[in-house]
Amino acid sequence: MFNKLKKSDNSASDANKEGTVVGGGQQLFKKFGKRLASPVKQQQKEVDQEKAKPVKILPAGCTIPRAPLRVDESQVQQTNDDVTTTKTTTDEEEIRDIIKKFHESTSLTGESLPPNKKSSSSSSSDGLFEKIPHSYCNVDASKFDLRTGPNYKRKKQKAPSEPALYDLYKFDICKLANSTLKNASDQFEIPSVPDLETGHPSVPPMFVVVCNTPLEEPSMMSKEIDGPSYVSVLYFIISDHFRKQLSLLKEKNQENEEETQVKVKPSTKLFVEWCERAENDDAFRGRFKTMAILDNIERPQFISSYNGKPALITKSGRFKRHHHPSSTNDGALHYIEMNINVFLFTFVAKKCLYSLYPKFPNFLLNMGFTIEGRDDEELPECLLGGCRIMNLDLSKVNDLNEDDV
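Remember, it's a predicted structure, so these values are computed and weren't measured experimentally. (Residues numbered from 1 in each chain as written. Predicted model: local features only at pLDDT ≥ 70, side-chain atom pairs only at ≥ 80, totals over all residues. Heavy atoms only, no water.)

**Here's the deal with the overall build of the protein chain**
Working step 1: From N to C terminus, the protein chain includes eleven helices and 14 strands.
Working step 2: The buried share among the 405 residues of the protein chain stands at 43%.
Working step 3: Residue pairs in contact within the protein chain that sit at least 24 positions apart in sequence constitute 74% of those at least 6 positions apart. (Helix = DSSP H or I, 4+ residues; strand = E, 2+ residues; numbered from the N terminus. Buried < 20%, exposed > 50% of the residue type's maximum accessible area, 1.4 Å probe, protein only. Contact = heavy atoms within 4.5 Å.)

**As for empty space enclosed by the protein**
Empty space among the atoms becomes visible once a probe the size of a water molecule is rolled across them.
Working step 1: For the structure shown, the criterion picks out four cavities of 30 Å³ or more.
Working step 2: As for the second largest cavity, its lining consists of Leu165, Ser267, Leu270, Phe271, Thr370, Ile371, Glu381, Cys382 and Leu384.
Working step 3: Looking at which element gives the most residues to the lining of the second largest cavity, the answer is helix α9 (residues 266–277), with three residues.
Working step 4: Per-class residue counts for the lining of the second largest cavity are six nonpolar, two polar and one charged. (1 Å grid on protein atoms, 1.4 Å probe; cavity = no way out; pocket = protein on both sides within 12 Å on 5 of 7 lines; lining within 4 Å. Points joined across faces, edges and corners; volume = space filled by probe spheres on them. Nonpolar A, V, L, I, M, F, W, Y, C, P; charged D, E, K, R; others polar.)

**A closer look at the layout of surface pockets**
Working step 1: Considered as a void within the structure, the largest pocket measures approximately 1,200 Å³ in volume.
Working step 2: For the lining of the largest pocket, the elements supplying multiple residues, two or more each, are β7 (206–214), β8 (229–238), β9 (288–294), β10 (311–312), α11 (347–356) and β13 (364–371).
Working step 3: If one sorts the elements of the lining of the largest pocket by residue count, α11 sits on top with six residues.
Working step 4: Among the residues making up the lining of the largest pocket, the classes are represented as 29 nonpolar, eight polar and three charged.

**Focus on the packing of aromatic side chains**
For any pair of aromatic rings, geometry is given as the distance between the ring centres together with the angle between the planes.
Working step 1: Within this structure, the stated rule accounts for 17 aromatic pairs.
Working step 2: An aromatic cluster is built from Tyr166, Phe207, Phe236, Phe242, Phe271, Trp274, Phe288, Phe319 and Phe369, whose rings are joined through pairwise contacts.
Working step 3: Lying across the ring of Phe284, Arg277 places its NZ or CZ 4.0 Å from the centre. (Phe/Tyr/Trp six-rings, centres within 6.5 Å; stacked < 30°, edge-to-face > 60°. Lys NZ or Arg CZ within 6 Å of the ring centre and 35° of its normal.)

**Re the nonpolar core**
Working step 1: In terms of nonpolar packing, the biggest core is built from 51 residues, with Tyr166, Phe207, Leu234, Phe271, Trp274, Phe288 and Phe369 touching the most fellow members.
Working step 2: The biggest single contributor to this core is α9, with five residues.
Working step 3: Other than its neighbours up to four places away in sequence, Phe288 contacts Phe207, Val209, Trp274, Ala311, Leu312, Ile313, Met338, Ile340, Phe369, Thr370, Ile371 and Leu384.
Working step 4: Leu176, Phe188, Ile190 and Tyr235 belong to the second largest nonpolar core, which has 21 residues in total. (Core = buried A, V, L, I, M, F, W, Y, C linked by side-chain atoms within 4.5 Å.)

Here it is as structure tokens:
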């Protein structure tokens, strides 16, 4: 009997070493335990493999073509006469040349325009770029009527914007079948724009805006804040005239401080303050505004009253400051990213936007962003940056979750 008890004790000890259950269910667990646990382990293994799966990073600006510049016949003739002088340019140089010609064509010098008076070249985007369906180009800032002082709260006066603080560098649009895009760098290679000296430590040389729009028809009962999305990514680089404005802030000294304050525009000081406070001050970050203007006269009647009307991006916006990984100075600023989640918009706004999807191929859409000025010291407002999208065809937008993209 003693030997039998000793044998039983050894079995219990062995069971404890193996991590099995001691008691009436011991044999049942030994027989079926591993078989029952295997589906859970297999599922966890599949999740781990999915997380480890490399994400395909695409070059910026590859999802939709930029509208080409109109060809000047005199330049074509000169090129044909002297083929040996042909010069190859990089993608960055070509886009910078487009931006330079765009500014020349608008005939805007950065000075304020009289109230309610459009630029003489308000259609300069159409004159400079070829009209190609499903393409984009730089937007004319004067298309946007923005707040102006004095005493805007009482007078409610607006005027065409001065040239934008940032120039459109590239634009991407895609769709994600499973979720929104949290960071542009998760799917796109951020353009290698050189680290320009902006004149202020909080103001970056590049500004990126990501907009996540629901792909599927919204439901009144749904509370989803993530899901299948159309994703727009806009890359802006700092303009020369804005860099000059920032340099004035840097040149402050006792002798010319008063003169400098006069030269620096309110929109410059407002954007600098926004860059300084937006990361930690949700209320100030919520001054970021987005606008959309449809040029087409035959637009749907129900959106006529909202055409060009700004929308504050409050709870639906997320601000993030990124650092250049290869910068010579550790921690040097590279770009600021503003992420807009349209899933957090009201049901009515999402429903109206979804109803317009089939009509996009007929639209000439001007998108713009600015920081809201409220007091006289912050006015007039100025466009931060914008994009003109021509006849967007959503059926041509690639799904980045597909392997063949």
